[in-house]
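Each chain, letter by letter, is given below.
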Amino acid sequence: MQQRLLKSFLICLSLFVVLTVMMIFSSRIHVGFMGYLSALIFGTLFTSCGVVIGDMFRRFVMPDLVFASGSFDMLCKKVFWLIGPQAIGWLIGYMGYQGFMRNVLGFYI
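Throughout, residues of each chain are indexed from 1 in the direction in which the sequence is written. Per-residue local features are limited, in this predicted model, to residues with pLDDT of at least 70; the limit for side-chain atom pairs, both in listing and counting, is 80 or more; totals at the level of whole chains, interfaces and linings are taken over all residues. Note that the side-chain values use all heavy atoms of the structure and ignore hydrogens as well as water.

### Some words on a nonpolar patch on the surface
Two distance rules govern patches: like charges are joined within 9 Å, and nonpolar side chains (Val, Leu, Ile, Met, Phe, Trp, Tyr) within 5 Å, applied only to residues with over 30% relative accessible area and no salt bridge. Reported accessibility uses the Shrake-Rupley method at a 1.4 Å probe radius. Residues are deemed covered only where the shown protein chains occlude them. When a carboxyl oxygen of Asp or Glu is within 4 Å of a side-chain nitrogen of Lys or Arg, the pair counts as a salt bridge. Among the surface-exposed residues, L6, F9, L10, F33, M34, L37, I41 and L45 lie close enough to one another that they form a single nonpolar patch of about 770 Å² accessible area. Elements with a minimum of two residues in the nonpolar patch: α1 (2–24) and α2 (32–61). Here a helix means four or more residues in a row that DSSP labels H or I, a strand means two or more in a row labelled E, and each is numbered from the N terminus. It is α2 that contributes the most residues to the nonpolar patch, five residues altogether. Within the fold, L37 resides in helix α2.

So this is what it looks like as structure tokens:
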């Protein structure tokens, strides 16, 4: 469990490092040093929580047996159960991060 948590945290951190660097060099976003720092910190925390909750959900409801009508259908189902719930959790965490930045901290990113 700790390895999955650490891996999820590092993936979300690396994604938000890239997004923060893109925000720094963007001509449309000007939030100052604290805005960029809070975007990095809170974005990583919110999306990491979403990914961990999505992974726990995936491990709880993942079926033991999957039926498919063909090889492409089986590939789609396998890929969904591999990364689908985590990606949905990341998206929900990202929406929570956006709401937190806008409504609580007052940064419009």
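What follows continues from the structure just given.
### Notes on the packing of α1 against helix α3 (residues 71–105)
Helix axes are fitted to C-alpha atoms over the stretch in contact, other axes to C-alpha atoms as well, and angles between N-to-C directions run from 0 to 180 degrees. Closest axis-to-axis distance for the α1/α3 pair is 13 Å, and the angle between their directions is 45 degrees. The orientation of α1 relative to α3 falls into the category oblique. Considering only the axes of α1 and α3, their crossing is right-handed. Contact with α1, carried on its side by C12, L15, F16 and M23, involves W90, Y94 and Y97 of α3 and no other residues of that element. When residues are sorted by character, Ala, Val, Leu, Ile, Met, Phe, Trp, Tyr, Cys and Pro go into the nonpolar class, Asp, Glu, Lys and Arg into the charged class, and all the rest, Gly among them, into the polar class. Its residues assigned to classes, the contact of α1 with α3 shows seven nonpolar, no polar and no charged. Each angle receives one of four descriptions, namely roughly parallel if under 35 degrees, roughly antiparallel if over 145, roughly perpendicular if within 65 to 115, and oblique otherwise. Crossing handedness is defined as follows: a turn of the near helix away from the far one that is anticlockwise and smaller than a right angle gives a left-handed crossing, while the clockwise case is right-handed. By definition, residues are in contact when any of their heavy atoms lie within 4.5 Å.

### Quick look at the environment of S38
Position of S38 relative to the elements: it lies in helix α2. Only protein chains enter the accessibility calculation, which uses a 1.4 Å probe; a residue whose area is less than 20% of its type maximum is buried, one above 50% is exposed, and one in between is partly exposed. On the basis of relative accessibility, which here comes to 9%, the residue S38 falls in the buried class. S38 sits 18 residues away from T20 along the chain, and the two C-alpha atoms are 9.8 Å apart. With residues near it in sequence (within four places) discarded, S38 still touches G43, M101, L105 and F107.

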